[in-house]
Amino acid sequence: MATRNTYLGYVQSGTCRDDRAPKRDQDGNKIKQPKMLKQLWVERELESMGIEVWVGRRIKFVRRGNNSYWDTVEEPLYPNYIFLTVDEYEFFDAISVEHLAPTLIMLSRADM
């Protein structure tokens, strides 16, 4: 029986292109892909592999420019860190994900 352990992983800071966004508009013209945080990109990739992932999020209310209305912005609670629960069979698949550092820290049950 495979044991599932929880790990703390470090993700490179910065943004990357959203590779799942549409590359062409309705008329067939190329469009520029939007950028997203690498931390959220890694979360999405791991979830698509069936790995349990947690990235804490907080919602901030900000005013941009001369706008009199408040906008909501979602950002990571712990920048550049991601928590994942994997068994020994999924471990090497998890550390092969782009932008995720291959050195994971195993957390004990007392840490959680």
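Everything numeric here is computed off the predicted structure, so don't read it as measured data.

**Quick look at unusual backbone geometry**
Despite not being glycine, Asn80 has its phi angle at roughly 70°, a positive value. If you check the backbone angles, His99 has positive phi at about 75° while not being a glycine.

**Some words on the nonpolar core**
Within the largest apolar cluster, 20 residues are counted, with the highest numbers of intra-cluster contacts made by Val42, Leu46, Ile51, Ile82, Leu84 and Val86. Elements with a contribution of two residues or more to this core: α1 (38-48), β7 (81-87) and α2 (91-95). With 4 residues, α1 is the largest single contributor of residues to this core. Those residues in contact with Leu46 that lie beyond four places of it in its chain are Ile51, Val53, Ile82, Leu84, Ala94, Val97 and Leu100.

**Digging into a nonpolar patch on the surface**
Judged by side-chain polarity, Tyr10, Trp54, Leu77, Tyr78 and Tyr81 come together as a nonpolar surface patch covering roughly 500 Å² of accessible area. Counting through the fold element by element, Tyr81 comes out in strand β7. With a relative accessible area of 37%, Tyr81 lands in the partly exposed category.

**Focus on the pairing of strand β1 (residues 4-10)**
Where β1 and β7 come together, 7 bridges link them in antiparallel fashion. For Tyr10, the partnering residue across the bridge sits in β7 and is Tyr81. Of the pairings in the sheet, the one linking β1 to strand β8 (residues 105-107) comprises 3 bridges and is antiparallel in character. Residue Leu8 lies in a different strand from β8, and its bridge partner there is Ile105.

**Brief notes about the packing of aromatic side chains**
If you walk through the whole model with that rule in mind, you get 6 aromatic pairs. Here the aromatic rings of Trp54 and Phe83 are separated by 5.4 Å at their centres, their planes lie at 50°, and the arrangement is tilted. Placement of Trp54 in strand β4 (residues 52-54) and of Phe83 in strand β7 is noted, with a sequence separation of 29 residues between them. When its relative accessible area of 44% is taken as the criterion, Trp54 is described as partly exposed. Relative accessible area serves as the criterion here: at 22%, Phe83 is assigned to the partly exposed category. Taken together, a centroid distance of 5.5 Å and an interplanar angle of 85° make the contact between Phe91 and Phe92 edge-to-face. Residue Phe92 is classed as exposed on the basis of its relative accessible area, which comes to 60%. One aromatic cluster in this structure is built from Tyr7, Phe91 and Phe92.

**Examining the sheet that holds β1**
Paired through their backbone hydrogen bonds, the strands of a sheet run either parallel or antiparallel. Read from one edge to the other, the open sheet built from 4 strands follows the order β4-β7-β1-β8, with strand pairing classed as antiparallel. At either end of the open sheet lies a strand with only one pairing partner, and these are β4 and β8. Strand-to-strand twist in this sheet, taken as the mean axis angle between neighbours without regard to direction, amounts to 30°.

The rules behind these values
Residues numbered from 1 in each chain as written. Predicted model: local features only at pLDDT ≥ 70, side-chain atom pairs only at ≥ 80, totals over all residues. Heavy atoms only, no water. Core = buried A, V, L, I, M, F, W, Y, C linked by side-chain atoms within 4.5 Å. Buried < 20%, exposed > 50% of the residue type's maximum accessible area, 1.4 Å probe, protein only. Helix = DSSP H or I, 4+ residues; strand = E, 2+ residues; numbered from the N terminus. Contact = heavy atoms within 4.5 Å. Patch = residues over 30% accessible without salt bridge, like charges linked within 9 Å, V, L, I, M, F, W, Y side chains within 5 Å. Areas by Shrake-Rupley, 256 points an atom, 1.4 Å probe, with all protein chains shown as cover. Salt bridge = Lys/Arg side-chain N within 4 Å of Asp/Glu carboxyl O. Pairing = 2+ DSSP bridges. Phe/Tyr/Trp six-rings, centres within 6.5 Å; stacked < 30°, edge-to-face > 60°. Axes fitted to C-alpha atoms, helices over the stretch in contact; angles between N-to-C directions.

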